[in-house]
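# Notes for the structure review
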Amino acid sequence: MTKKYDFLVSYILDNQPKSTTVHADSESMTPNQARFYLQSLHTHALPDTITDVQVSRIDPRKIAEAPGHHLQP
C-alpha cells in the first residue's frame, strides 16, 4: 500500500479564487502538475482561465493539533 500525500492547490478560475485538495502518491507536486489536474477537473474551462496556481503540502501532524492561541477560556 502506497502512502498518500495531501496538497492544497489554490488558483484563480475565471477571475474567482478557488482551492481544492489533491491526494497524490508523490511527496511533492509542482504548479504544472497541479495545473494538469485542474484542467481535468474543470474540463469546461479554457487553459488560459486557470491562473496563479500555488501548491502547499498539507502536514497532517499540524492539522491534528488544536491551535491553543485560538481557544477561548
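Model, not experiment: these values are computed from the prediction.

## A look at the sheet that holds strand 3 (residues 50-58)
Taken in spatial order, the three strands of this open sheet run 2-1-3, and their pairing is antiparallel. Single-partner strands in this sheet number two, and they are strand 2 (16-24) and strand 3. Taking each pair of neighbouring strands and ignoring which way they run, the sheet shows an average axis angle of 20 degrees. Pairing of strand 1 (residues 5-13) with strand 2 involves nine bridges; the strand directions are antiparallel. In the strand pairing of strand 2, Phe-7 is matched with Val-22.

## Side note on the environment of Ala-34
Mapped onto the fold, Ala-34 is located in helix 1 (residues 31-41). Overall, Ala-34 belongs to the buried group, its relative accessible area being 0%. Separated by 21 residues in sequence, Ala-34 and Val-55 have C-alpha atoms that sit 7.3 Å apart. For Ala-34, the contacting residues outside a window of four places in its chain are Val-9, Met-29, Val-53 and Val-55.

## Notes on the nonpolar core
Core analysis: the largest hydrophobic core is formed by 13 residues, its most contacted members being Val-9, Tyr-11, Met-29, Leu-38, Ile-50 and Val-53. Within the residue set of this core, elements represented by two or more residues are strand 1, strand 2, helix 1 and strand 3. The element contributing the most residues to this core is strand 1, with five residues. Among all residues touching Val-9, those that are not within four sequence positions of it are Lys-18, Ser-19, Thr-20, Val-22, Met-29, Ala-34, Leu-38, Val-53, Gln-54 and Val-55.

## Some details on unusual backbone geometry
Both trends apply: most residues other than glycine have a negative phi, and most peptide bonds are in trans. Not every positive phi belongs to a glycine, and Asn-15 is a case in point at roughly 65 degrees. Its place among the elements puts Asn-15 in the loop between strand 1 and strand 2. In this structure Asn-15 comes out as exposed when scored by relative accessible area, which is 70%. Even without being a glycine, Asp-52 presents a positive backbone phi close to 50 degrees. Positionally, Asp-52 belongs in strand 3.

Thresholds, definitions, all that
Residues numbered from 1 in each chain as written. Predicted model: local features only at pLDDT ≥ 70, side-chain atom pairs only at ≥ 80, totals over all residues. Heavy atoms only, no water. Pairing = 2+ DSSP bridges. Helix = DSSP H or I, 4+ residues; strand = E, 2+ residues; numbered from the N terminus. Axes fitted to C-alpha atoms, helices over the stretch in contact; angles between N-to-C directions. Buried < 20%, exposed > 50% of the residue type's maximum accessible area, 1.4 Å probe, protein only. Contact = heavy atoms within 4.5 Å. Core = buried A, V, L, I, M, F, W, Y, C linked by side-chain atoms within 4.5 Å.

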